[in-house]
Amino acid sequence: MFAQTKNLALAATVSLIALASAGVAKEVPEISEINVSASYDAAQDTNASELFPEITSDIQLALARLIPLSDNAADPTVRVDIRKIALNGDTMLPDSTEFNELEGVVSFQTNTGEGGQSFPVNITAVMDETQVPEGYDVVPPSLDDFYRAMVDGFALKIAQRIGTVNEEGAPISN
């Protein structure tokens with residue numbers, strides 16, 4: 001039942017991300033550059049770089065779908081450093097390539113170097129406590145579906161946070 005509930009929660013998350021991402025781009029300032037890197041490779045007891053060699057480019061592409069890009073070098077930049085990929089806190093991931101935690105630090109930088117801000121983005125996939133209704137079968141997502149949900153969820157959180165600052169990096173006041 002745990003696996004079915006986990007799969008149901010993941011499917012709901014994927015749907016929510018798709019709905020939420022449509023409105024995010026309207027609030028985010030134009031960005032001249034998005035750069036995603038990973039510093040977890042230097043950490044001991046992690047195999048994330050071997051299991052997910054493309055995660056930085058996948059997150060960069062997910063961000064590019066959510067954040068309006070410009071050709072103007074004077075517009076702000078976004079730099080993301082992935083710091084941790086883990087399964088229930090353990091950075092030594094199983095051969096099944098499952099993970100449910102993704103952590104990083106985002107730097108929103110202005111073209112002048114003044115202002116801007118850095119902030120952590122930490123997401124986790126948690127089990128939904130809702131039971132599967134009687135008469136329903138759960139369609140389990142594949143590991144690729146789960147990976148995509150984690151990458152897209154991470155990008156969505158970054159875009160939402162960037163949408164709360166102006167081009168100088170100061171919080172937007174309502």
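Before going into details, it helps to say that this report is about the structure given with it. (Residues numbered from 1 in each chain as written. Predicted model: local features only at pLDDT ≥ 70, side-chain atom pairs only at ≥ 80, totals over all residues. Heavy atoms only, no water.)

### What to know about the environment of A155
Locating A155 in the fold gives a position in helix α4 (residues 143–162). Given the relative accessible area of 0%, A155 is considered buried. Each C-alpha atom, one on A155 and one on I59, is 6.2 Å from the other, the two residues being 96 residues apart in sequence. When sequence neighbours within four positions are dropped, the list of residues in contact with A155 reads I59, A62, L63 and L66. (Helix = DSSP H or I, 4+ residues; strand = E, 2+ residues; numbered from the N terminus. Buried < 20%, exposed > 50% of the residue type's maximum accessible area, 1.4 Å probe, protein only. Contact = heavy atoms within 4.5 Å.)

### Details of the packing of aromatic side chains
Within this structure, the stated rule accounts for four aromatic pairs. Taking the centre distance of 4.9 Å and the plane angle of 70° together, the rings of F52 and F99 count as edge-to-face. You can see F52 sitting in the loop between α2 (48–51) and α3 (55–66) and its partner F99 sitting in the loop between β2 (77–86) and β3 (101–109), a full 47 residues away along the chain. Judged by relative accessible area, F52 falls into the buried class, the value being 8%. Relative accessible area serves as the criterion here: at 1%, F99 is assigned to the buried category. Between F99 and Y147 the ring centres are 6.3 Å apart and the planes differ by 80°, which places this aromatic pair in the edge-to-face class. Remark: Y147 occurs in helix α4 and F99 occurs in the loop between β2 and β3; sequence separation between them is 48 residues. (Phe/Tyr/Trp six-rings, centres within 6.5 Å; stacked < 30°, edge-to-face > 60°.)

### With respect to unusual backbone geometry
If a residue is not glycine, its phi is most likely negative; likewise, a peptide bond is most likely trans. Notably, N88 is not glycine yet its phi reads approximately 50°, a positive angle. Looking at where N88 falls in the secondary structure, it is placed in the loop between β2 and β3. Exposure remark for N88: the relative accessible area of 61% places this residue in the exposed category.

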